[in-house]
Amino acid sequence: MTMIYKTYFYTLFKTRNLLVTPKRYSALFINGAKATENYVYVTPYLDFPEKFQNINNIKDDLKKRKYNYNFEKLEDLWHVYEELRQKRNQYEQQKDRLAKELGKIIKNESEKEAINKLKLQITLIKDDIRKIKAPLWSAEEAAVVEALKLPNNLHDKTPESHSQIVYTHLKPLKNDKNHIKIGQDLNLITIKNNENYYLKGDAAIFELGAKFLFSDILKKNNFIQFSNPDFVKSVIVEGCGINHTNPDTVFILHHNEDTQINSDSRLHLTGGGSLCSYMAYHAKNVLYPKVLPLKYFNMGRQYVPVASDFNSLLTVSQAAVVEFFAVTKAATDIDEMLDNLIEILKQYYSRFDYHFRISMTAAHQLNMWESLRLSVEMYSSSQQKYATIANVSLSGDFISKRLMFTYVDNKVTKFPHILSGTLLNVPKFLACVLEQDNDFCVPDILKPENWSL
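Here is what the cut-offs are and how they apply
Residues numbered from 1 in each chain as written. Predicted model: local features only at pLDDT ≥ 70, side-chain atom pairs only at ≥ 80, totals over all residues. Heavy atoms only, no water. Helix = DSSP H or I, 4+ residues; strand = E, 2+ residues; numbered from the N terminus. Buried < 20%, exposed > 50% of the residue type's maximum accessible area, 1.4 Å probe, protein only. Contact = heavy atoms within 4.5 Å. Domains from an automatic or database assignment. Buried area = accessible area lost by both parts, 1.4 Å probe. Polar contact = N/O pair within 3.5 Å; in protein donor to acceptor, adjacent residues only side chain to side chain. UniProt positions renumbered as here; feature names shortened; annotations may be inferred. Salt bridge = Lys/Arg side-chain N within 4 Å of Asp/Glu carboxyl O. Pairing = 2+ DSSP bridges. Expected span 1.5 Å × (residues − 1). Bend = angle between axes of the 7 residues up to and from the residue. Phe/Tyr/Trp six-rings, centres within 6.5 Å; stacked < 30°, edge-to-face > 60°. Lys NZ or Arg CZ within 6 Å of the ring centre and 35° of its normal.

**Student:** Just give me the short version of the overall build of the chain, but keep the residues and values in it.
**Tutor:** On a plain count of helices and strands, the chain comes out with 13 helices and 16 strands. A principal-axis box enclosing the C-alpha atoms of the chain has dimensions of 105 × 50 × 40 Å. By residue count, 49% of the 453 residues in the chain fall in the buried class. Long-range pairs, those at least 24 residues apart, make up 75% of the contacts in the chain between residues at least 6 apart in sequence.

**Student:** Give me the lowdown on the domain arrangement of the chain, citing residues and values where you can.
**Tutor:** Considered domain by domain, the chain is made up of domain 1 (2–147) and domain 2 (164–450). Domain 1 and domain 2 are separated by 42 Å when their C-alpha centres are compared. Between domain 1 and domain 2, the contact holds 17 residues from the first and 24 residues from the second. Overall, the association of domain 1 and domain 2 removes approximately 1,600 Å² of surface from exposure, summing both partners, and the carbon and sulfur fraction of that is 56%.

**Student:** Help me get a handle on the side chain of Asn298, residues and values and all.
**Tutor:** Along the chain, the position of Asn298 falls in strand 9 (residues 294–303). Given a relative accessible area of 3%, Asn298 falls into the buried group. A distance of 3.1 Å separates a polar atom in the side chain of Asn298 from the backbone oxygen of Gly272.

**Student:** How would you sum up the UniProt feature "binding site: L-serine" (unreviewed entry) in the chain? Please name residues and give values.
**Tutor:** UniProt records the feature "binding site: L-serine" (unreviewed entry) at Glu323, using the numbering of this structure. Looking at the secondary structure, you find Glu323 in strand 10 (residues 318–328). Given the relative accessible area of 4%, Glu323 is considered buried. Contact partners of Glu323, with chain neighbours within four places excluded, come to Gly273, Ser274, Leu275, Tyr278, Tyr296, Phe297, Asn298, Gln302, Gly421 and Thr422.

**Student:** For the pattern of salt bridges, give the residues involved together with the corresponding values.
**Tutor:** Under the definition given, this model contains 20 salt bridges. In this structure, the salt-bridge partner of Lys59 is Glu72, at a minimum N-O distance of 3.8 Å. Placement of Lys59 in helix 4 (residues 55–65) and of Glu72 in helix 5 (residues 71–105) is noted, with a sequence separation of 13 residues between them. Measuring nitrogen to oxygen at the nearest pair gives 3.9 Å for the salt bridge that ties Glu146 to Lys73. In this pair, Glu146 sits in helix 6 (residues 112–147) while Lys73 sits in helix 5, placing the two residues 73 residues apart along the sequence. The buried category is assigned to Glu146, whose relative accessible area is 9%. The structure contains a network of salt bridges with shared partners spanning Asp47, Asp397 and Lys401.

**Student:** Pulling in residues and values, what's your account of the UniProt feature "domain: Aminoacyl-tRNA synthetase class II (G/ P/ S/T)" (unreviewed entry) in the chain?
**Tutor:** Mapped onto this numbering, the UniProt entry annotates "domain: Aminoacyl-tRNA synthetase class II (G/ P/ S/T)" (unreviewed entry) at residues 281–436. End C-alpha to end C-alpha, residues 281–436 measures 39 Å, and it is 24% helix and 42% strand.

**Student:** Let's hear about unusual backbone geometry: which residues, and what values?
**Tutor:** Along the chain, Leu292 connects to Pro293 via a cis peptide bond; the corresponding omega equals 5°. Looking at the secondary structure, you find Pro293 in the loop between strand 8 (286–287) and strand 9. A positive phi is found at Lys284, a non-glycine position, where the angle reads about 55°. Position of Lys284 relative to the elements: it lies in the loop between helix 10 (275–282) and strand 8.

**Student:** Hey, could you go over the pairing of strand 11 (residues 356–360) for me, with residue numbers and the actual values?
**Tutor:** The buried fraction of strand 11 is high, at 5 of 5 residues. Burial along strand 11 is two-sided: Phe356, Ile358 and Met360 facing one way and Arg357 and Ser359 facing the other are all buried. Direction of pairing for strand 1 (residues 164–169) relative to strand 11: antiparallel, over a ladder of 5 bridges. Across the sheet, the residue bridging to Tyr167 is Ile358, located in strand 11. Sheet topology note: the strand 11/strand 12 (residues 372–380) ladder contains 4 bridges and is antiparallel. Looking across to strand 12, one finds that Ser359 is bridged to Ser375.

**Student:** Before we move on, can you summarise helix 6 with the specific residues and values?
**Tutor:** Its 36 residues give helix 6 an end-to-end C-alpha distance of 50 Å, which sits within 8% of 52 Å, the value for a rise of 1.5 Å per residue. For helix 6, the principal kink sits at Lys133 and spans about 35°; a proline, Pro135, occurs within the next four residues.

**Student:** Pulling in residues and values, what's your account of the packing of aromatic side chains?
**Tutor:** Applying the stated criterion to the full structure yields 24 aromatic pairs. Each ring, one from Phe212 and one from Trp451, has its centre 5.1 Å from the other, and the planes form 65°; the classification is edge-to-face. In this pair, Phe212 sits in helix 8 (residues 202–220) while Trp451 sits in the segment after helix 13 (426–436), placing the two residues 239 residues apart along the sequence. Of the residues examined, Phe212 reaches a relative accessible area of 15% and is grouped as buried. Aromatic rings pair up to connect Tyr167, Phe206, Phe214, Tyr348, Tyr349, Phe352, Tyr354, Phe356, Phe429 and Phe440 into one cluster. For the cation-ring pair, Lys284 lies above Tyr41, with the distance from its terminal atom to the ring centre recorded as 5.9 Å. Residue placement shows Arg357 over the ring face of Tyr386; its charged tip is 3.6 Å from the ring centre.

Next up, the structure:
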């Protein structure tokens, strides 16, 4: 029995040219024996069988995104997992059937030989179930973790190859100004590197005024001010579709002591002005449908690693931002909220006498968790290209399913749709303003006497 059993699994993996190992893959998905060694905070909702019914759509989205993903590998891994799962289910059904037969004759002494035979069969099947656990867990982990790398479905409005401009305000000024030189000449900026800089004088007033003005506009549009943590766990980062092990995508806190580190259970510095911080609060949270839609914003810090060889406010790793987070029941509701946010962005940035534009980002430039992204851009003369000073990202129910953010409607668990983004990135906005403004001074609407706290 044992030799036949081992040969079966060896043949199963070998014929599909797959390697299933006990190596840890994910902070988000933990199963089997590892679940006893690691605290399982959340178990993602797996909708891959539903997705596999539209394989052509998935492959089409991957092509549009230019996403490096081996879909055939996922199909093979999933088939191996399904075969093992079905085999385990067959064993369970056989065990239940034999147990029922045994129950009928267990008290009949004349059926002693049949009783012993049934007991032996049940023992052998239990042994098969025990032996199949480890391969099944490994196959499940390999298949699910590979499936978790699949990107979000693209929104119908997402452009395929080139970003699409949807709104333009004024015309860009053509010059060769550099905001760092201007800022240093006017004693507005001290920058040592992209991790260490200071805004001084009118630049500091500009930062506060820009945030307070946006705060006032959002409150008038029924947004609620929120407070988020600066640090989040690896499971939240991965749940938001970010590689939590890559120091180029998220800041990682390392242990000072020389101890064994679990790379799937660390803290990350994201700042309160981040999607991860909002999801740290809402993960594994069940809402009443009557509270939806939710419309939150916060004024905080945002920390993102940036690889750059030159110092610039456009590439700093920490920024003062206005970040928002909106939740609705359905996709139609989130599309309506997206249209409202476009109007809010127009209302805010049109108050300044500077050129800006709003564009839809092309599919290949989206993050894996994004279905659609709107970007507010201003022209940077120092970089000779447009810089993104704000963005709005639609993720639908993609993140909700990964982090079990739900609501219950008529006793049915459903997943809300999420719209989020940075409505104002102060250092990037200031950099472009310094390069567009002939003689920089704080706009009247941003001066302290006009602040609304």
